[in-house]
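Listed below are the residues making up each chain.
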Amino acid sequence: MSAAADVRGAAQITAAISGGDLRSAARLITRIEAADEAAAPVLAQLYARGGSTPIVGLTGPPGAGKSTLVDQMLAQYRAAGERVAVLAVDPSSPFSGGAILGDRVRMGRHNTDPGVFIRSMAARGRLGGLALAAADALTVLDAMGWDRILIETVGVGQNEIEILRHADTVIIVQTPAGGDAVQAVKAGILEVGDLFVVNKADTAGADRTVAALREAVEFRTHALGAEAWQPPVLKTEAAGGVGIRELLQAIDAHHQHFRDHPKQFAARRRSQARARLVECMAAALRARRGDDEQHDIFDDTIDDVVARRCDPQTAAKRLVDSMS
Amino acid sequence: MAQEKIRCLLAMLGTDVHSKGIRTLAQLLRDRGVEVVYLGEHNTADGVINALIAEDADVLGLSYSTATYLHYTHDLLDKMRKAGVADVPVMLGGLIHADDEPALREMGVKGIFGPGSGMDQIAAFLQDVTGKSLTGDASSST
Ligand SMILES: Nc1nc2c(ncn2[C@@H]2O[C@H](COP(=O)(O)OP(=O)(O)O)[C@@H](O)[C@H]2O)c(=O)[nH]1
Ligand SMILES: [Mg+2]
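Everything quoted here is computed from the prediction, not taken from an experiment.

Caption draft 1: Up close: the pairing of strand β1 (residues 7-13) of chain B. Residues and elements named next belong to chain B. Taken across its seven residues, β1 has seven buried, putting it largely inside the fold. Burial along β1 is two-sided: the face carrying Arg-7, Leu-9, Ala-11 and Leu-13 and the face carrying Cys-8, Leu-10 and Met-12 are both buried. The pairing of β1 with strand β2 (residues 35-43) spans six bridges and is classified as parallel. Residue Leu-13 lies in a different strand from β2, and its bridge partner there is Asn-43. On the question of chirality, the crossover connecting β1 to the parallel β2 by way of helix α1 (residues 20-31) is right-handed. Relative to strand β3 (residues 59-64), β1 runs parallel, the two sharing four bridges. In the sheet register, Leu-9 faces β3, and the bridge partner there is Leu-60.

Caption draft 2: Focus on the nonpolar core. Judged by nonpolar contacts, the single largest core of 47 residues is most densely connected at A:Ile17, A:Leu28, A:Leu87, A:Met121, A:Val140, A:Leu141 and A:Met144. Examining the composition of this core, we find that nine residues originate from one element, helix α5 (residues 129-143) of chain A, more than from any other. In terms of nonpolar packing, the next biggest core, distinct from the first, is built from 31 residues, A:Leu101, B:Ile49, B:Tyr69 and B:Ile96 among them.

Caption draft 3: Inspection of the site of ligand 1 at higher detail. All names here are of chain A. Neighbouring ligand 1 are 16 residues; Gly-63, Lys-66, Thr-68, Arg-106 and Asp-202 lie closest to it. Here an oxygen atom of ligand 1 sits 2.5 Å away from a polar atom, N or O, in the side chain of Thr-68. In the model, an oxygen atom of ligand 1 is placed 2.6 Å from a nitrogen or oxygen of the Arg-106 side chain. Considered on its own, ligand 1 offers 590 Å² of accessible surface; in the complex 75% of this is hidden by protein. No other element matches helix α4 (residues 66-79), which puts three residues into the shell around ligand 1.

Caption draft 4: View of the pairing of strand β2 (residues 84-90) of chain A. Residues and elements named next belong to chain A. Burial runs high along β2: seven of the seven residues are buried. What you see with β2 is no split at all: Val-84, Val-86, Ala-88 and Asp-90 on one side and Ala-85, Leu-87 and Val-89 on the other are buried throughout. The pairing of β2 with strand β4 (residues 116-122) spans seven bridges and is classified as parallel. The residue bridging Ala-85 from the neighbouring strand is Phe-117, located in β4. As defined by bridge partners, β2 adjoins strand β5 (residues 148-154) across six bridges and the pair is classed as parallel. Residue pairing for β5: Val-89 is matched across the bridge by Thr-153.

Caption draft 5: Here's a closer look at the pattern of salt bridges. All names here are of chain B. Here the structure, examined in full by the defined rule, presents 28 salt bridges over all chains. Note that Asp-120 and Arg-32 form a salt bridge whose closest N and O atoms lie 2.8 Å from each other. Taken together, the residues span a long stretch of sequence, with Asp-120 in helix α5 (residues 119-130) and Arg-32 in the loop between α1 and β2 at a distance of 88 residues. The class for Asp-120 is exposed, based on a relative accessible area of 57%. In this structure Arg-32 comes out as buried when scored by relative accessible area, which is 10%.

Conventions we followed
Here the residue numbers are simple positions, counted from 1 along each chain's written sequence. Labels are handed out in written order, letters beginning with A for the chains and numbers beginning with 1 for the ligands. With pLDDT at 70 or above as the cut-off, local features in this predicted model cover only qualifying residues; side-chain atom pairs require 80 or more to be listed or tallied, and sums for whole chains, interfaces and linings still use all residues. Just so you know, side-chain values use all the structure's heavy atoms and leave hydrogens and water out. Note on exposure labels: buried denotes an accessible area under 20% of the residue type's maximum, exposed denotes more than 50%, and partly exposed covers the range between, all computed with a 1.4 Å probe on protein chains only. Strands here mean DSSP runs of E at least two residues long; helices mean DSSP runs of H or I at least four residues long; both are numbered from the N terminus. A pair of strands is considered paired only if DSSP assigns at least 2 bridges between the two. Looking down the strands as they point away from the viewer, one classifies a crossover as right-handed if the path from the first strand across the helix to the second runs clockwise. Residues belong to a common nonpolar core when they are buried Ala, Val, Leu, Ile, Met, Phe, Trp, Tyr or Cys residues joined through side-chain atoms within 4.5 Å. When at least one non-hydrogen atom of a residue lies within 4 Å of a molecule or strand, that residue is treated as near it. Contacts described as polar in this section are N or O atom pairs within 3.5 Å, which, within protein, must combine one atom able to donate a hydrogen with one able to accept it, while residues neighboring in sequence count only if both atoms come from side chains. Each accessible area is a Shrake-Rupley result for a 1.4 Å probe, and residues are judged covered by the shown protein chains and nothing else. We count a salt bridge whenever a side-chain nitrogen from Lys or Arg sits within 4 Å of a carboxyl oxygen from Asp or Glu.

Following this line, the structure appears as structure tokens:
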């Protein structure tokens, strides 16, 4: 296809997606998941128009109740007349590459509601490419004109945490069970949380978990100064719909904080853009095959640096040169 | 470096609650490298179709354990045509009676996997109707 035809085709798909054509949007997300370069010209046009839909990310250990929380949040947003899109990311099996994407089971009552759009995404074991694919999918959802976007991801690996860098408000979901809170502190996830939720408040140890988290959060924010956002620690019982209203109020308060502190919001947007640029550059490098066609240049260079065949600075220069 | 995967939406319609079969199928498909979007039980035709559109699934799989599947399947395929998604192949599993197969095929059902069907058959069907290949480790799923 010629470049001009490419641009015309992209403009058509862009118009369809902005005009509410769900199938075009869903198909574009499939192209993104397949790392198909054909998606790029459309994404470029959609990106230019986006940026105004607030994105809330939820993460936490498997079974913490994230999908149940999303279901309850959807119910309240819908009751208030807001139209919401959800991106639900689940891990892929490292053995087969397949996946069971089961988040929708908890959100089943919204399937018949045209004001809700839910898309599941498998992590696919991409080397760092997951955050990139998720970010591009968010660009599509953003262009579709939803009032809000929610993204659910399992807080297990660095890959998943990277996704959260694309959210304006990050919710860390924990439970009283199994020392989740301690795990969170260890995983460094405290640094990325804007809100903390202890779900399953109906189970033993909830207050203790809230207290432990609060202490950890306050210890961290103490050094940030009075102008900084103080992440609240909330208690919910998602299965029973308890504490959801307070959670939505806390999300609103965080948005309001950004409105009141435009410099902090600008800093967040800059760090989002920075993370995305770095991911794009890494992806561009990975797309280049090494001499043996087996590895990408990025992987080969890492090997060289580990084996001290090349020093990091020279290696970096070599990588940058290879891109031009 | 496109990474094409087969995406399969799995659901039960209506009041059917025997979800063990479909959960087992979901795991077997995952072990073959399929991305299964699992909707569970108690779905309506409209809900399944909305999910099908948003998930851009390659195939829709329905599991039945009650005798009402002719009615439910007919209604679903009808609504799929109206929604413009009749191009997505539909497969049925569970307690499907062999006598009903001609009627189901007539309606437009592409794959029927009643009692005794094996995973190899289902995997071959999926690759055939999607034109994508399964790369999963088949040895771990029997
Ligand atoms: N006891 C209790 N169980 C809950 C609560 N919220 C969710 N669950 C249950 O926890 C399980 C996992 O929930 P899910 O939303 O799928 O968790 P996710 O993996 O974090 O998305 C389900 O069986 C839910 O019904 C809660 O507040 N209390
Ligand atoms: Mg979930």
